[in-house]
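So the chains spell out like this:
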Amino acid sequence: MRVERPGDRRFARAGGILAVAAGLLVGSALAGVPGAAAGLIAGLLLGVALHRVLDHRTARRRAALAAPFPGEWREFLLEAYDHFERLPEDWRRRFEKDLRLFLAEKRITGVGIEATEELRLLVAASAVTLSLGWPDYEWDQLTEVLLYADNFDRDYAVGDSELSGMAHPWGTVILSVPALRQSFEHPDDGYHVGVHEFAHILDVDHTHFDGIPVGFYGARAREWVEAAEREMRRLRRGPSAFDDYGAHDPVEFLGVAVEAFFELPQEVRRRHREVYSLLSAYFGQDPAAWDDARGLDE
Ligand SMILES: [Zn+2]
(Lines give C-alpha, C1' and ligand atoms only; values in the text may rest on other atoms or scores of the structure.)
Protein backbone atom coordinates (compact mmCIF):
# COMPACT_ATOMS: atom_id res chain seq x y z
CA MET A 1 0.00 0.00 0.00
CA ARG A 2 1.22 3.50 -0.72
CA VAL A 3 0.52 6.77 1.09
CA GLU A 4 -0.96 8.21 -2.06
CA ARG A 5 -2.93 5.61 -3.94
CA PRO A 6 -1.63 5.09 -7.43
CA GLY A 7 -4.01 6.67 -9.88
CA ASP A 8 -5.61 9.03 -7.34
CA ARG A 9 -4.18 12.13 -8.99
CA ARG A 10 -5.17 11.01 -12.47
CA PHE A 11 -8.61 10.03 -11.21
CA ALA A 12 -9.12 13.41 -9.51
CA ARG A 13 -8.00 15.33 -12.61
CA ALA A 14 -10.17 13.30 -14.99
CA GLY A 15 -13.13 13.45 -12.59
CA GLY A 16 -12.78 17.21 -12.26
CA ILE A 17 -12.63 17.78 -16.02
CA LEU A 18 -15.61 15.48 -16.53
CA ALA A 19 -17.64 17.26 -13.84
CA VAL A 20 -16.93 20.70 -15.38
CA ALA A 21 -17.75 19.49 -18.90
CA ALA A 22 -20.95 17.80 -17.75
CA GLY A 23 -21.96 20.92 -15.81
CA LEU A 24 -21.41 23.11 -18.89
CA LEU A 25 -23.33 20.80 -21.20
CA VAL A 26 -26.30 20.12 -18.93
CA GLY A 27 -26.47 23.78 -17.84
CA SER A 28 -26.44 25.15 -21.39
CA ALA A 29 -28.96 22.58 -22.61
CA LEU A 30 -31.34 23.51 -19.80
CA ALA A 31 -30.94 27.29 -19.71
CA GLY A 32 -28.58 28.64 -22.36
CA VAL A 33 -25.70 30.91 -21.33
CA PRO A 34 -26.80 31.49 -17.69
CA GLY A 35 -27.35 27.77 -17.38
CA ALA A 36 -23.87 27.05 -18.73
CA ALA A 37 -22.38 29.44 -16.15
CA ALA A 38 -24.29 27.77 -13.33
CA GLY A 39 -23.31 24.36 -14.68
CA LEU A 40 -19.66 25.41 -14.85
CA ILE A 41 -19.73 26.48 -11.20
CA ALA A 42 -21.47 23.27 -10.12
CA GLY A 43 -18.92 21.24 -12.07
CA LEU A 44 -16.01 23.12 -10.50
CA LEU A 45 -17.42 22.60 -6.99
CA LEU A 46 -17.84 18.89 -7.66
CA GLY A 47 -14.26 18.69 -8.95
CA VAL A 48 -12.97 20.45 -5.84
CA ALA A 49 -15.00 18.14 -3.57
CA LEU A 50 -13.51 15.09 -5.31
CA HIS A 51 -10.01 16.44 -4.78
CA ARG A 52 -10.74 17.01 -1.12
CA VAL A 53 -11.98 13.47 -0.56
CA LEU A 54 -8.83 12.02 -2.10
CA ASP A 55 -6.58 14.51 -0.27
CA HIS A 56 -8.31 13.54 2.94
CA ARG A 57 -7.40 9.90 2.42
CA THR A 58 -3.78 10.77 1.65
CA ALA A 59 -3.68 12.94 4.79
CA ARG A 60 -5.16 10.11 6.88
CA ARG A 61 -2.48 7.76 5.58
CA ARG A 62 0.30 10.29 6.23
CA ALA A 63 -1.01 10.68 9.79
CA ALA A 64 -1.04 6.91 10.26
CA LEU A 65 2.67 6.81 9.39
CA ALA A 66 3.72 10.07 11.05
CA ALA A 67 4.99 8.63 14.33
CA PRO A 68 7.64 5.89 14.44
CA PHE A 69 6.22 2.35 14.44
CA PRO A 70 5.20 1.61 18.05
CA GLY A 71 7.91 -0.42 19.80
CA GLU A 72 5.33 -2.52 21.65
CA TRP A 73 3.67 -3.48 18.37
CA ARG A 74 7.04 -4.59 16.98
CA GLU A 75 7.72 -6.66 20.10
CA PHE A 76 4.25 -8.15 19.92
CA LEU A 77 4.69 -9.12 16.26
CA LEU A 78 8.13 -10.64 16.86
CA GLU A 79 6.70 -12.62 19.74
CA ALA A 80 3.40 -13.63 18.15
CA TYR A 81 4.18 -14.04 14.47
CA ASP A 82 6.85 -16.35 13.17
CA HIS A 83 6.45 -15.07 9.61
CA PHE A 84 7.25 -11.53 10.73
CA GLU A 85 10.33 -12.82 12.48
CA ARG A 86 11.51 -14.64 9.36
CA LEU A 87 11.36 -11.49 7.20
CA PRO A 88 14.60 -9.74 6.28
CA GLU A 89 14.96 -6.32 7.90
CA ASP A 90 13.83 -4.21 4.90
CA TRP A 91 10.77 -6.46 4.42
CA ARG A 92 9.91 -6.05 8.09
CA ARG A 93 9.89 -2.26 7.70
CA ARG A 94 7.61 -2.62 4.70
CA PHE A 95 5.38 -4.99 6.68
CA GLU A 96 5.09 -2.41 9.46
CA LYS A 97 4.11 0.31 7.02
CA ASP A 98 1.50 -1.83 5.27
CA LEU A 99 0.15 -2.96 8.62
CA ARG A 100 -0.47 0.60 9.72
CA LEU A 101 -2.08 1.60 6.42
CA PHE A 102 -4.31 -1.48 6.54
CA LEU A 103 -5.38 -0.59 10.08
CA ALA A 104 -6.02 3.04 9.08
CA GLU A 105 -8.21 2.04 6.13
CA LYS A 106 -10.04 -1.18 6.96
CA ARG A 107 -12.96 -1.77 9.26
CA ILE A 108 -12.42 -4.54 11.81
CA THR A 109 -15.46 -5.10 14.01
CA GLY A 110 -15.93 -7.38 16.99
CA VAL A 111 -19.34 -9.08 17.12
CA GLY A 112 -20.21 -9.58 20.77
CA ILE A 113 -16.56 -9.14 21.69
CA GLU A 114 -14.17 -6.23 21.66
CA ALA A 115 -11.85 -5.87 18.67
CA THR A 116 -8.82 -5.19 20.85
CA GLU A 117 -5.61 -3.69 19.51
CA GLU A 118 -3.97 -7.09 19.73
CA LEU A 119 -6.71 -8.74 17.66
CA ARG A 120 -6.64 -5.94 15.12
CA LEU A 121 -2.88 -6.48 14.76
CA LEU A 122 -3.40 -10.21 14.17
CA VAL A 123 -6.03 -9.51 11.49
CA ALA A 124 -3.88 -6.91 9.71
CA ALA A 125 -0.79 -9.15 9.95
CA SER A 126 -2.72 -11.99 8.27
CA ALA A 127 -3.74 -9.81 5.33
CA VAL A 128 -0.42 -8.00 4.94
CA THR A 129 1.40 -11.34 4.82
CA LEU A 130 -0.23 -11.94 1.44
CA SER A 131 0.07 -8.45 -0.04
CA LEU A 132 3.54 -7.56 1.21
CA GLY A 133 5.21 -8.04 -2.17
CA TRP A 134 2.66 -5.86 -4.00
CA PRO A 135 3.28 -2.16 -3.27
CA ASP A 136 0.20 -1.05 -5.20
CA TYR A 137 -2.24 -3.55 -3.76
CA GLU A 138 -5.06 -1.99 -1.74
CA TRP A 139 -7.40 -4.76 -0.56
CA ASP A 140 -10.19 -2.92 -2.38
CA GLN A 141 -12.36 -6.05 -2.54
CA LEU A 142 -12.31 -6.32 1.25
CA THR A 143 -15.23 -4.43 2.78
CA GLU A 144 -15.09 -5.46 6.44
CA VAL A 145 -13.61 -7.98 8.84
CA LEU A 146 -15.92 -9.36 11.53
CA LEU A 147 -14.49 -11.06 14.60
CA TYR A 148 -16.65 -13.73 16.24
CA ALA A 149 -16.10 -14.95 19.79
CA ASP A 150 -15.98 -18.58 18.64
CA ASN A 151 -16.52 -20.87 15.67
CA PHE A 152 -19.90 -20.62 13.99
CA ASP A 153 -22.28 -22.56 11.77
CA ARG A 154 -23.74 -21.76 8.36
CA ASP A 155 -26.53 -19.70 9.97
CA TYR A 156 -23.85 -17.62 11.74
CA ALA A 157 -24.81 -19.07 15.14
CA VAL A 158 -21.72 -18.81 17.31
CA GLY A 159 -20.74 -21.81 19.40
CA ASP A 160 -18.79 -25.00 19.15
CA SER A 161 -19.32 -25.32 15.40
CA GLU A 162 -17.63 -26.29 12.17
CA LEU A 163 -16.57 -22.94 10.71
CA SER A 164 -13.56 -21.00 11.96
CA GLY A 165 -13.66 -18.46 9.17
CA MET A 166 -15.50 -17.41 6.06
CA ALA A 167 -14.93 -15.08 3.15
CA HIS A 168 -17.89 -13.74 1.21
CA PRO A 169 -17.63 -12.92 -2.47
CA TRP A 170 -18.90 -9.43 -1.66
CA GLY A 171 -15.88 -8.81 0.53
CA THR A 172 -16.73 -9.55 4.17
CA VAL A 173 -14.32 -11.79 6.04
CA ILE A 174 -15.43 -13.48 9.28
CA LEU A 175 -12.83 -14.91 11.65
CA SER A 176 -13.31 -16.87 14.86
CA VAL A 177 -11.04 -15.31 17.48
CA PRO A 178 -9.89 -18.56 19.16
CA ALA A 179 -9.04 -20.00 15.72
CA LEU A 180 -7.19 -16.83 14.77
CA ARG A 181 -5.13 -16.93 17.96
CA GLN A 182 -4.38 -20.60 17.48
CA SER A 183 -3.22 -19.90 13.92
CA PHE A 184 -0.51 -17.62 15.25
CA GLU A 185 0.38 -19.86 18.19
CA HIS A 186 1.16 -22.79 15.85
CA PRO A 187 3.17 -21.28 13.02
CA ASP A 188 4.17 -24.47 11.23
CA ASP A 189 1.15 -26.77 11.14
CA GLY A 190 -0.06 -25.52 7.77
CA TYR A 191 -3.21 -24.08 9.37
CA HIS A 192 -3.85 -20.34 9.46
CA VAL A 193 -7.44 -19.16 9.29
CA GLY A 194 -6.49 -15.51 8.67
CA VAL A 195 -4.19 -16.30 5.76
CA HIS A 196 -6.74 -18.80 4.42
CA GLU A 197 -9.72 -16.42 4.40
CA PHE A 198 -7.75 -13.48 3.00
CA ALA A 199 -6.46 -15.82 0.26
CA HIS A 200 -10.12 -16.34 -0.73
CA ILE A 201 -10.45 -12.58 -1.09
CA LEU A 202 -7.60 -12.68 -3.64
CA ASP A 203 -9.76 -15.13 -5.58
CA VAL A 204 -12.69 -12.75 -5.78
CA ASP A 205 -13.13 -12.07 -9.45
CA HIS A 206 -16.39 -10.41 -10.34
CA THR A 207 -18.07 -11.75 -7.19
CA HIS A 208 -17.37 -15.42 -7.53
CA PHE A 209 -14.61 -17.74 -6.40
CA ASP A 210 -12.98 -20.00 -8.94
CA GLY A 211 -9.74 -21.08 -7.30
CA ILE A 212 -7.56 -18.98 -9.62
CA PRO A 213 -5.91 -16.03 -7.89
CA VAL A 214 -6.67 -12.60 -9.33
CA GLY A 215 -3.73 -11.60 -11.50
CA PHE A 216 -3.19 -15.04 -13.01
CA TYR A 217 -4.28 -14.77 -16.64
CA GLY A 218 -3.83 -16.83 -19.80
CA ALA A 219 -0.91 -19.23 -19.66
CA ARG A 220 -0.24 -18.54 -15.96
CA ALA A 221 -3.85 -19.27 -15.03
CA ARG A 222 -3.73 -22.53 -17.01
CA GLU A 223 -0.45 -23.47 -15.31
CA TRP A 224 -2.06 -22.88 -11.94
CA VAL A 225 -5.20 -24.86 -12.77
CA GLU A 226 -3.13 -27.81 -14.02
CA ALA A 227 -0.80 -27.76 -11.00
CA ALA A 228 -3.78 -27.49 -8.64
CA GLU A 229 -5.59 -30.40 -10.30
CA ARG A 230 -2.48 -32.55 -10.08
CA GLU A 231 -1.96 -31.70 -6.42
CA MET A 232 -5.61 -32.32 -5.60
CA ARG A 233 -5.39 -35.81 -7.15
CA ARG A 234 -2.23 -36.42 -5.15
CA LEU A 235 -3.97 -35.22 -1.98
CA ARG A 236 -6.81 -37.68 -2.55
CA ARG A 237 -4.28 -40.52 -2.95
CA GLY A 238 -2.13 -39.94 0.10
CA PRO A 239 -0.21 -37.59 2.32
CA SER A 240 0.87 -34.16 1.12
CA ALA A 241 2.08 -30.92 2.68
CA PHE A 242 -1.38 -29.53 1.91
CA ASP A 243 -4.40 -30.08 4.13
CA ASP A 244 -7.04 -32.63 2.94
CA TYR A 245 -9.54 -29.83 3.13
CA GLY A 246 -8.27 -28.76 -0.29
CA ALA A 247 -8.62 -32.21 -1.91
CA HIS A 248 -11.94 -31.76 -3.67
CA ASP A 249 -12.50 -28.12 -4.41
CA PRO A 250 -10.08 -25.83 -6.34
CA VAL A 251 -11.28 -22.83 -4.29
CA GLU A 252 -10.30 -24.55 -1.04
CA PHE A 253 -7.13 -25.91 -2.63
CA LEU A 254 -5.99 -22.34 -3.24
CA GLY A 255 -6.67 -21.53 0.43
CA VAL A 256 -4.75 -24.48 1.86
CA ALA A 257 -1.89 -24.06 -0.66
CA VAL A 258 -1.39 -20.46 0.42
CA GLU A 259 -1.51 -21.45 4.10
CA ALA A 260 1.14 -24.14 3.54
CA PHE A 261 3.26 -21.78 1.41
CA PHE A 262 3.61 -19.42 4.36
CA GLU A 263 3.61 -21.96 7.20
CA LEU A 264 5.69 -24.82 5.69
CA PRO A 265 7.62 -23.11 2.91
CA GLN A 266 10.66 -25.39 2.85
CA GLU A 267 8.49 -28.50 2.80
CA VAL A 268 6.27 -27.13 0.03
CA ARG A 269 9.36 -26.16 -1.97
CA ARG A 270 10.76 -29.70 -1.65
CA ARG A 271 7.58 -31.74 -2.14
CA HIS A 272 5.50 -29.49 -4.38
CA ARG A 273 8.07 -27.49 -6.31
CA GLU A 274 5.74 -26.26 -9.03
CA VAL A 275 3.12 -24.90 -6.62
CA TYR A 276 5.90 -23.30 -4.62
CA SER A 277 7.42 -21.54 -7.59
CA LEU A 278 4.04 -20.37 -8.91
CA LEU A 279 3.07 -18.95 -5.51
CA SER A 280 6.52 -17.49 -4.91
CA ALA A 281 6.36 -15.65 -8.24
CA TYR A 282 2.77 -14.63 -7.54
CA PHE A 283 3.40 -13.18 -4.08
CA GLY A 284 6.88 -11.87 -4.92
CA GLN A 285 8.07 -13.58 -1.73
CA ASP A 286 10.41 -16.48 -1.04
CA PRO A 287 9.70 -17.61 2.53
CA ALA A 288 11.66 -20.88 2.11
CA ALA A 289 14.81 -18.90 1.23
CA TRP A 290 14.21 -16.68 4.27
CA ASP A 291 14.01 -19.82 6.43
CA ASP A 292 17.23 -21.10 4.83
CA ALA A 293 18.84 -17.75 5.67
CA ARG A 294 17.92 -18.04 9.34
CA GLY A 295 19.40 -21.52 9.46
CA LEU A 296 16.13 -23.45 9.73
CA ASP A 297 15.61 -26.95 8.40
CA GLU A 298 12.21 -28.37 7.64
ZN1 LIG B 1 -11.88 -21.79 2.59
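None of the values given here were measured: they were computed from a predicted structure.

K.L.:
How should the side chain of E197 be read in this particular structure?
P.N.:
Checked against the element boundaries, E197 lands in helix α7 (residues 193–202). Nearest to the buried, unbridged E197 among oppositely charged side chains is R154, at 9.5 Å. With sequence-adjacent residues up to four places away left out, E197 is seen in contact with G165, M166, A167, V173, I174 and L175.

K.L.:
Honestly, the coordination of the zinc ion in this entry has me stumped. Any pointers?
P.N.:
Six octahedral donors at a metal ideally form angles of 90 or 180 degrees, and four tetrahedral donors ideally form angles of 109.5 degrees. Protein-derived ligands of the zinc ion are H196 (NE2), H200 (NE2), E252 (OE) and E252 (OE), with the metal-ligand distances lying across 2.0 to 2.7 Å. Coordination at the zinc ion comes from 4 donor atoms whose angles at the metal span 53 to 142 degrees, giving a geometry best classed as irregular. For the zinc ion, all donor residues lie on one chain, and their spacing in sequence is H-x3-H-x51-E. Of the two residues, H196 sits in helix α7 while E252 sits in helix α9 (residues 250–263), which places them 56 residues apart along the sequence. Like E252, H196 is buried.

K.L.:
So what exactly am I meant to see when it comes to the side chain of R92 here?
P.N.:
Here R92 shows up in helix α4 (residues 89–105). Owing to a relative accessible area of 17%, R92 belongs among the buried residues under this scheme. For R92, the residues in contact, after removing those within four places along its chain, are L78, F84, E85 and L87.

K.L.:
Can you help me understand the pattern of salt bridges in this one?
P.N.:
Counting across every chain of the model gives 20 salt bridges. For E96, the salt bridge goes to R74, with nearest N and O atoms at 2.6 Å. Taken together, the residues E96 in helix α4 and R74 in helix α2 (residues 71–80) connect sequence positions 22 residues apart. The partner of E89 in a salt bridge is R93, with the nearest N and O atoms 2.1 Å apart. With E89 and R93 both in helix α4 and 4 residues apart, this pair spans about one turn of that helix.

K.L.:
When you look at the environment of G215 in this model, what are you seeing that I'm missing?
P.N.:
Following the sequence through the fold, G215 ends up in the loop between α7 and α8 (218–237). For the pair G215 and L65, spaced 150 residues apart in the sequence, the C-alpha separation amounts to 29 Å.

K.L.:
I'm lost on the domain arrangement of the chain in this one. Help?
P.N.:
Where interface size is quoted, it is often the accessible area lost as the parts come together. The domain architecture assigned to the chain consists of domain 1 (1–66), domain 2 (71–185) and domain 3 (203–298). Just the C-alpha atoms count here: the centres of domain 2 and domain 3 sit 20 Å apart. Contact residues are listed per partner, giving 17 residues for domain 2 and 16 residues for domain 3. Across the interface of domain 2 and domain 3, roughly 1,400 Å² is buried in total on both sides, 58% from carbon and sulfur atoms. Sorting the residues of domain 2 by area buried against domain 3 places R86, W134 and P169 first, and these three jointly supply 44% of that buried surface. Linking domain 2 with domain 3 are 2 salt bridges, by the criterion used here. Scanning the region where domain 2 abuts domain 3 turns up 5 residue pairs in polar contact (both at pLDDT 80 or more). Within the residue set of the side of domain 2 that touches domain 3, elements represented by two or more residues are α3 (82–86) and α5 (117–131). It is α3 that provides the largest number of residues to the side of domain 2 that touches domain 3, a total of 4 residues. For the side of domain 2 that touches domain 3, a count of residues per class yields 8 nonpolar, 6 polar and 3 charged.

K.L.:
Looking at this model, I keep getting lost on the sheet that holds strand β4 (residues 172–176). Mind explaining?
P.N.:
Sheet strands pair by backbone hydrogen bonding; their relative direction is either parallel or antiparallel. Taken in spatial order, the 4 strands line up as β1-β2-β4-β3 in an open sheet, and their pairing is mixed. Both outer strands of the open sheet, β1 (108–111) and β3 (165–167), are each paired with one neighbouring strand and no more. Direction aside, the axes of adjacent strands within the sheet are offset by 20 degrees on average. Bridge analysis of β1 against strand β2 (residues 144–148) gives 4 bridges, and the strand direction is parallel. What sits directly across from I108, in β2, is V145. Contacting β1, β2 and β4, α5 runs over the sheet at an angle of about 125 degrees to β2.

K.L.:
Any chance you could explain the packing of α8 against α9 here in plain terms?
P.N.:
What describes two packed helices is the angle between their axes and the distance between those same axes. Running from N to C, α8 and α9 cross one another at 85 degrees; their axes reach a closest spacing of 10 Å. The angle between the axes of α8 and α9 places the two elements in the roughly perpendicular class. Each of W224, A228, E231, M232 and L235 in α8 lies in contact with α9, whose residues at this interface are P250, F253, L254 and A257. Taken together, the residues of the contact of α8 with α9 break down into 8 nonpolar, no polar and 1 charged.

K.L.:
What is the right way to look at α5 in this model?
P.N.:
The α-helix winds at 3.6 residues per turn, so residues separated by three or four positions along the chain end up facing the same way. An ideal rise of 1.5 Å per residue puts 21 Å on 15 residues; α5 measures up with 21 Å between its terminal C-alpha atoms. Counting buried positions along α5 yields 12 of 15 residues, so the element is predominantly enclosed.

K.L.:
It is not clear to me how the pairing of β4 should be interpreted in this structure. Could you clarify?
P.N.:
Of all 5 residues that make up β4, 5 are buried, and the element is covered over most of its length. As paired strands, β3 and β4 are joined by 3 bridges and run antiparallel to one another. Bridging across to β4, G165 finds its partner in L175. The antiparallel pairing of β3 with β4 creates a hairpin that spans 4 residues between the two strands, and G171 there sits at a positive phi of about 110 degrees.

Conventions used here
Each chain carries its own residue numbering, running from 1 in the written order of its sequence. Owing to the predicted nature of the model, reporting of local features is limited to residues with pLDDT of at least 70; listing and counting of side-chain atom pairs is limited to 80 or more, with chain, interface and lining totals taken over all residues. Side-chain numbers here rest on the full set of heavy atoms in the structure, without hydrogens or water. Each helix is a run of DSSP H or I of at least 4 residues and each strand a run of E of at least 2, with the numbering of both proceeding from the N terminus. When accessible area is computed with a 1.4 Å probe and restricted to protein chains, residues below 20% of their type maximum are described as buried, those above 50% as exposed, and intermediate ones as partly exposed. By the counting rule applied here, Lys and Arg register as positive and Asp and Glu as negative, while His and the ends of each chain are not counted. Any carboxyl oxygen of Asp or Glu within 4 Å of a side-chain nitrogen of Lys or Arg constitutes a salt bridge here. Contact criterion: two residues are considered in contact whenever any of their non-hydrogen atoms come within 4.5 Å of each other. Coordinating N, O and S atoms are those within 2.8 Å of the metal (3.2 Å for Na, K and Ca), and as water is not part of the atoms, a site may appear to have fewer donors than expected. In these descriptions, tetrahedral denotes four donors with every angle between 85 and 135 degrees, square planar four donors and octahedral six donors with opposite donors over 155 degrees apart and the rest between 65 and 115, and irregular any other case. For every domain, the bounds stem from an assignment made automatically or drawn from a database. Joining two parts hides part of their accessible area as seen by a 1.4 Å probe, and the buried area is that hidden amount summed over both. Counting of polar contacts relies on pairs of N or O atoms within 3.5 Å, with two restrictions inside protein: one atom must be capable of donating a hydrogen and the other of accepting it, and residues adjacent in sequence are counted only when both atoms are side-chain atoms. Three classes are used: nonpolar for Ala, Val, Leu, Ile, Met, Phe, Trp, Tyr, Cys and Pro, charged for Asp, Glu, Lys and Arg, and polar for all others, with Gly counted as polar. A pair of strands counts as paired when DSSP detects no fewer than two bridges linking them. Helix axes are fitted only over the stretch in contact, all axes being lines through C-alpha atoms; the angle between N-to-C directions runs from 0 to 180 degrees. Under this scheme an angle from 65 to 115 degrees is roughly perpendicular, one under 35 degrees roughly parallel, and one over 145 degrees roughly antiparallel; angles in between are oblique. In this analysis, the expected span of each helix is defined as 1.5 Å times one less than the number of residues it contains.

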